[in-house]
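Coordinate inspection notes
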Amino acid sequence: MQQTFVQPEFRVKIDYDKCHKCGRCVQQCGWGVYDFTERPIPHDEKCRACHRCVTYCPAHCITIEKNTLAFRDNDNWSADARKAVWTQADSGGVLLTSMGNPKPYERIFDKLVLDACQVTNPSIDPLREPMELRTYLGRKADSVAVEPDGTGGFRLAGDSGVARNIELAVPIVFAPMSYGSVSLNVHRSIAMAAERLGVTMNTGEGGMHEDLYPYQDHIILQVASGRFGLSPEVLKRAAALEIKIGQGAKPGIGGHLPGEKIDRDVSATRMVPQGSDAISPAPHHDIYSIEDLRQLIYALKEASGYRPVGVKIAAVHNVAAIASGIVRAGADYIYLDGFRGGTGATPQVVRDHIGIPVEIAIAVVDQRLRDEGIRNHASIIAAGSIRSSADAAKAIALGADAVAIGTATLLALGCHLCQSCHTGNCSWGITTQRPELTRRIDPEWGAERLTNLVNAWSHELQEILGALGVNAVESLRGSRERLRAIGLDEQTCRILGVKPAGL
Amino acid sequence: MMTAATSAPPLGVIEGYRQVTPVVERDGATAEVDATGVYFQQLNETVRRLVAEGATTVRIAGVNGQRYLGAGLAAPGVRIEVHGTAGNDTAMFMDGAEIEIFGNAQDGVGNTMSGGRVIVHGDAGDVLGYGMRGGRVFVRGDVGYRVGIHMKAYEKHVPVLVCGGKARDFFGEYMAGGMLVLLGMTGRDAAQPIAGSFLGAGMHGGAIFVRGTVEPWQCGAEVGISEAGEEHRAALRPVIEEYAAAMDMDTAEILAAPFTRIAPMSHRPYAKLYAPM
Ligand code: SF4
Ligand code: SF4
Ligand code: SF4
């Protein structure tokens, strides 16, 4: 075979003076980096910098370094751009990668700051006063009628038109990730955590494994273009249904789970043959218009006993008008996935160059729905990417009802963002179906870590609300007056509906 | 998890339909429903209620485009007769029941269907059997565009869709499993080719049988086209027998002509498209 021009990205360095020659690194690495002849011998070109071996080496003698090969400086032709050309000249293939867009586009969340009360209105101490994080996803009534309850109080009169809502104890839900792209133990961990936290997890497009049935009241079942794993039975199990139109990491393109990842259990859950590729077409072929979307929303409602139905889209240029159509089509919530959102596999060119930031999408969708008087008809879930409670608070202040976390969920379970999920060899046992790797996640352990993470963020959200002097997260929703921009241009500020700091 | 449930949000009811419970006549396990002018929600609610109450035959008269008949119905042994024109997404997500339509059907019959049988004694519209994974859809006449897209099989669940007339473009696109049969015997337009373009485009499982021949330009790039040999005709025969019985046609006459078999060349059509980073 011809020599590839692409040199290893990382150097695996072992301090052999300290090494116990125990071989644990060999066993820990999912990508087969190490050979072992008396001592571990790394093959640098296979290393993904996932740090699994580093974490589990008892002697702490492994270091992963960047291969700092000097390329002749060229601001235009970065080393990455040169490597991409060589790789494609080798194979003729579309570059396939995973996780979210890593490019240095502006991160708007990092240019927004929150307000706090000083002197003129008091802040609230969340440790001593009630601080409500509960929120409800779904259509809210245009108006409610009340009547005397006979004991001097009031109650809602008759059918006030309030649709079924999904109650969330905190405004942080788990983002859709399919069984097949992640392991069943990951799904179990997330489902258990969702139940403990009083929030929801989302199956992604791979169907609901029967091990998840005990948590079904906390599970949103996704309906994507491949229509995998959907039977009338599971439609009625799920707490809500979600039509996946698009995903932030790969707007406008379909999904493609390679045959290698489809073992017996994945095949049974998706209801597709083992070893064949599971292909999700780019569009739903029964949705070519908003009217068609409405037809599917109501088909799902009819078939599920009128469960809430949400619609997930990627944040794209015309997102406000699209969202308006989705809400008018009868969706109970709209899920906006920004261009930083992650995925188990995507063409790199799509991940890195298509879509818009979720911050912009939240602001324009919230504003459009308000202008049209239909903001109460659907909730907004924002994702892609929410990295901290601060991002969550800013997303809510921009207009979201709740946020969804995917990449942060996987990070909590050990993911080191090596962007190699599409290989199916995740050393952390997350995005793989290899039994010796999936074993590495114990669902109990995973659920505890995820519960810790969301609890920690929830406490931080309460601190933020206290500083803002409000006692309910719903009071922060769309409250852009409580945000200021630092270093954003005037046009972006106007689109976000946020003033620059100082005004 | 759920807050107190109240009814669904009010829909903009299409003119000419009323949100009323239809008139029902019961005779033992048979129920007759008059759907004339009844909005789809009330009609489907009534059908579901009748099935839950033990009706095994539900005869619906006066159907005029009401959507979602039998949608999500998991009821083996139940038979629903539709007199009139069945609306969009009839039998969507259905499992087990049989729906016989004495008239035409609109778009989306058998969409994401799990099992059971649908018989249409007229023509049917676009997007039939999309993502279907089990059961049978039999159509006497012509079908529209995008029929049988992404049908898939799993173990003993093998969906079958047979169309007695002609089909438009994208028949069997992305097909991942099951069997699609196109007979071209009842089409209304003699000049129309039996199938449109992009037949089996992106196909990676299952098989399409066309009575007579198709031209290579009509087919997607991912398929192999050949005359069905003995082994494949043997697989086709029981399907044709069942279809002929349902349609009151002659099996021998249907099988008298040669069939073209269209099948994928790979279960992984896009395996070489990517260069993993
Ligand atoms: S795990 Fe660490 S100590 Fe053990 S063989 Fe590998 S490098 Fe040496
Ligand atoms: S891929 Fe991960 S486990 Fe393997 S050598 Fe590199 S850092 Fe270690
Ligand atoms: S899930 Fe695994 S393969 Fe994917 S980025 Fe994280 S560590 Fe790497």
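Residues numbered from 1 in each chain as written. Chains lettered and ligands numbered in written order. Predicted model: local features only at pLDDT ≥ 70, side-chain atom pairs only at ≥ 80, totals over all residues. Heavy atoms only, no water.

**Let's talk about the overall build of chain B**
Across its full length, chain B holds three helices and 13 strands. In terms of C-alpha radius of gyration, chain B reaches 20 Å, essentially the compact-globule figure of 19 Å for 277 residues. Structurally, chain B occupies a C-alpha span of about 55 × 55 × 35 Å along its principal axes. In chain B, 44% of the contacts between residues at least 6 apart in sequence involve partners at least 24 apart. Accessible surface computed for chain B: about 10,700 Å², of which carbon and sulfur atoms make up 51%. (Helix = DSSP H or I, 4+ residues; strand = E, 2+ residues; numbered from the N terminus. Rg over C-alpha atoms; globule rule 2.2 N^0.38 Å. Contact = heavy atoms within 4.5 Å. Areas by Shrake-Rupley, 256 points an atom, 1.4 Å probe, with all protein chains shown as cover.)

**A few points about the pairing of strand β21 (residues 402–405) of chain A**
Residues and elements named next belong to chain A. Of the two faces of β21, the one holding A402 and A404 and the one holding V403 and I405 are both buried throughout. The pairing of strand β20 (residues 379–383) with β21 spans two bridges and is parallel. Within β21, the position partnered with I381 by the bridge is A402. With helix α11 (residues 389–398) bridging β20 and the parallel β21, this β-α-β connection has right-handed handedness. (Buried < 20%, exposed > 50% of the residue type's maximum accessible area, 1.4 Å probe, protein only. Pairing = 2+ DSSP bridges. Right-handed = clockwise from strand over helix to strand, strands pointing away.)

**Concerning the packing of helix α4 (residues 184–197) of chain A against helix α14 (residues 443–468) of chain A**
Residues and elements named next belong to chain A. At a minimum axis separation of 8 Å, α4 and α14 run at an interaxial angle of 45°. By the criterion of interaxial angle, the relationship of α4 to α14 is oblique. For α4 against α14, the interelement crossing comes out right-handed. Facing α4, whose interface residues are N185, R188, S189, I190, M192, A193, R196 and L197, α14 presents P443, E444, G446, A447, E448, L450, T451, V454 and N455. Classifying every residue of the contact of α4 with α14 by side-chain character gives eight nonpolar, five polar and four charged. (Axes fitted to C-alpha atoms, helices over the stretch in contact; angles between N-to-C directions. Parallel < 35°, antiparallel > 145°, perpendicular 65-115°, else oblique. Left-handed = near helix turned anticlockwise from the far one by under 90°. Nonpolar A, V, L, I, M, F, W, Y, C, P; charged D, E, K, R; others polar.)

**Looking at the site of ligand 3**
As a structural note, the neighbourhood of ligand 3 is formed by M99, C415, H416, L417, C418, Q419, S420, C421, C426, W428, I430 and T431 of chain A. Tallied by class, the residues present in the shell around ligand 3 amount to eight nonpolar, four polar and no charged. (Near = heavy atom within 4 Å.)

**Thoughts on the interface of chain A and chain B**
Contacts between the two partners involve 66 residues from chain A, matched on the other side by 50 residues from chain B. Three residues stand out in chain A for area buried against chain B, namely H285, Q295 and E302 of chain A, and they jointly supply 14% of the buried area on that side. Counting across the interface, chain A meets chain B through two salt bridges. With a shortest N-O distance of 3.6 Å, R264 of chain A and E155 of chain B are connected by a salt bridge. The interface formed by chain A and chain B includes 23 residue pairs in polar contact (both at pLDDT 80 or more). Going through the elements one at a time, α3 (79–91), β5 (94–97), β10 (166–168), α5 (232–237), α6 (264–270) and α7 (290–304) of chain A are the ones with two or more residues in the side of chain A that touches chain B. Here the element with the most residues in the side of chain A that touches chain B is α7 of chain A; it accounts for eight residues. (Buried area = accessible area lost by both parts, 1.4 Å probe. Salt bridge = Lys/Arg side-chain N within 4 Å of Asp/Glu carboxyl O. Polar contact = N/O pair within 3.5 Å; in protein donor to acceptor, adjacent residues only side chain to side chain.)

**A closer look at α3 of chain A**
End to end, α3 of chain A covers 19 Å across 13 residues, agreeing with the expected 18 Å (1.5 Å per residue, within 8%). By the burial criterion, the buried members of α3 of chain A are R82, K83, A84 and T87 of chain A. Of the surrounding secondary structure, the elements contacted by the buried residues of α3 of chain A are β5 of chain A together with β13 (274–276) of chain B. Immediately downstream of α3 of chain A, the backbone of G92 of chain A shows phi near 75°, a positive value. (Expected span 1.5 Å × (residues − 1).)

**Considerations on the packing of α11 of chain A against α14 of chain A**
Residue and element names in this part refer to chain A. Running from amino to carboxyl end, α11 crosses α14 at an angle of 55°, the nearest separation of the two axes being 9 Å. Comparing the axis directions of α11 and α14 gives the class oblique. In the crossing of α11 with α14, the sense of the turn from one axis to the other is right-handed. Contacts between α11 and α14 pair S389, A390, A392 and A393 from the former with W457, E460, L461 and I464 from the latter. Within the contact of α11 with α14, the residues separate by chemical class into six nonpolar, one polar and one charged.

**Here we look at the domain arrangement of chain A**
Residues and elements named next belong to chain A. We note that the domain assignment places domain 1 (10–93) and domain 2 (135–140 + 168–500) within chain A. For domain 1 and domain 2, the distance between their C-alpha centroids amounts to 33 Å. Of the residues lining the interface, 12 residues belong to domain 1; the matching set on domain 2 comes to 11 residues. In total, about 1,000 Å² of surface goes out of reach between domain 1 and domain 2, with carbon and sulfur atoms giving 51% of it. It is W31, R48 and R52 that lose the most area in domain 1 upon contact with domain 2, and together they represent 52% of the buried surface on that side. Counting every contact that joins domain 1 to domain 2 gives zero salt bridges. Summed over the shared surface of domain 1 and domain 2, the number is seven residue pairs in polar contact (both at pLDDT 80 or more). Among the elements of the structure, α1 (24–28) and α2 (52–56) are those that each provide at least two residues to the side of domain 1 that touches domain 2. Looking at the side of domain 1 that touches domain 2, the element that brings in the most residues is α2, giving three residues. Of the residues belonging to the side of domain 1 that touches domain 2, the class tally is five nonpolar, five polar and two charged. (Domains from an automatic or database assignment.)

**Quick look at the site of ligand 2**
Around ligand 2 lies a shell formed by C29, W31, V33, Y34, C47, R48, A49, C50, H51, R52, C53 and I64 of chain A. Tallied by class, residues from the shell around ligand 2 come to nine nonpolar, one polar and two charged.

**Quick notes on the nonpolar core**
Counting residues in each nonpolar core, the largest one holds 149 residues, and the members touching the most others are F174 and I430 of chain A. Broken down by element, the residue count for this core peaks at nine residues, all from α14 of chain A. In this structure, this core is formed jointly by two domains, domain 1 (10–93) and domain 2 (135–140 + 168–500) of chain A, each of which donates at least three residues. Sequence-distant contacts of F174 of chain A, that is, excluding residues within four places in its chain, are made with I190, A193, A194, L197, V199, T200, M201, N202, I405, T409, L450 and V454 of chain A. Counting 54 residues, the second largest nonpolar core, distinct from the first, contains V47, A124, A195 and V214 of chain B. (Core = buried A, V, L, I, M, F, W, Y, C linked by side-chain atoms within 4.5 Å.)

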